[in-house]
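# Fold and geometry: a report
So you can see what is in the structure, the chains are spelled out below.
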Amino acid sequence: MTRDSEYIPSIAVAKFSGSFNRISPEEANEIFIKLLSEISIECGNKGCSMIGHNKANFKCGDDFLSISCTTEDGNVRSKTLFREDVTDYIGVMNIIVYGLEYVTLREIIESKSSAIDGCKVVVLKDKGCDDPECTDPNCTDEKHRRIINIEDSPII
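A few points on the structure. Per chain, residues are indexed from 1 in the order of the written sequence. This being a predicted model, a pLDDT of at least 70 is required before a residue's local features are given, and a value of 80 or more before pairs of side-chain atoms are given or counted; all residues contribute to the totals for chains, interfaces and linings. The side-chain quantities take in all heavy atoms of the structure and omit both hydrogens and water.

## Examining the side chain of serine 40
Along the chain, the position of serine 40 falls in helix H1 (residues 25–45). Contact criterion: two residues are considered in contact whenever any of their non-hydrogen atoms come within 4.5 Å of each other. Apart from residues no more than four positions distant in its own chain, serine 40 is found in contact with Ile51, Asn54, Cys69, Thr71, Glu72 and Gly74. Numbering goes from the N terminus for both helices and strands, where a helix is a DSSP run of H or I of at least four residues and a strand is a run of E of at least two.

## Quick word on the packing of aromatic side chains
Pairing of aromatic side chains here covers Phe, Tyr and the six-membered ring of Trp, requires ring centres within 6.5 Å, and sorts the geometry by plane angle: under 30 degrees stacked, over 60 edge-to-face, intermediate tilted. By the definition in use, this model includes seven aromatic pairs. Pairing phenylalanine 16 with phenylalanine 58 gives two aromatic rings, centres 5.4 Å apart and planes at 55°, and the pair type is tilted. Here phenylalanine 16 is found in strand S1 (residues 9–23), whereas its partner phenylalanine 58 is found in strand S2 (residues 50–60), with 42 residues between them in sequence. Each member of the pair, phenylalanine 16 together with phenylalanine 58, is buried. Judged by centre distance (6.4 Å) and plane angle (55°), the ring pair of phenylalanine 32 and phenylalanine 82 falls under tilted. Within this pair, whereas phenylalanine 32 is found in helix H1, its partner phenylalanine 82 is found in the loop between strand S4 (76–80) and strand S5 (86–98), the two being separated by 50 residues in sequence. By way of ring pairs, the aromatic residues Phe16, Phe20, Phe32, Phe58, Phe82 and Tyr89 are connected into one cluster. Summary of the burial criterion: residues with accessible area below 20% of their type's maximum are buried, those above 50% are exposed, and those between are partly exposed, where the area comes from a 1.4 Å probe applied to protein chains only.

## A few points about the pattern of salt bridges
Within this document, salt bridges are pairs made up of a side-chain nitrogen of Lys or Arg and a carboxyl oxygen of Asp or Glu, the two lying within 4 Å of each other. Following the criterion strictly, the structure yields five salt bridges and no others. With its nearest N and O atoms 3.9 Å apart, the salt bridge here joins lysine 46 to glutamate 42. For lysine 46, a relative accessible area of 48% translates into the label partly exposed. In this structure, the salt-bridge partner of aspartate 63 is arginine 83, at a minimum N-O distance of 3.1 Å. With aspartate 63 in strand S3 (residues 63–69) and arginine 83 in the loop between S4 and S5, this residue pair connects regions lying 20 residues apart in the sequence. Aspartate 63 gets classed as buried once you look at its relative accessible area, which sits at 4%.

Pasting the structure below:
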């Protein structure tokens, strides 16, 4: 397998939290579907060569929304949708694309999320790879696995 930079995925993981004033499940579904769609479209606009898989899961109580997008046109598919009114929520989003840097992904996620009133987002930092001898924070060694630490983040 080639290790050319255009074939190495860039990954951003974001954790979300917030509260709505008891909105309908349809409205909450629309807000989060639009968010994932706009992030995917913006990745395309910023020059990603391919979207690997952009996915988000949001939870309110026992209710759950699971959505994903694999195209730059922002076509979001849903696995599950909210069925009850939504108040406090938490969520996680994985953005996996080719041809964009992590910093660009973080800026896109933060910018698009800021349109949702009261939404707090933390884009988690990539911790490098699982080889303790490796000193490259942008390691592309195909034998090393990437590490993104979610335990140290302030949300969820």
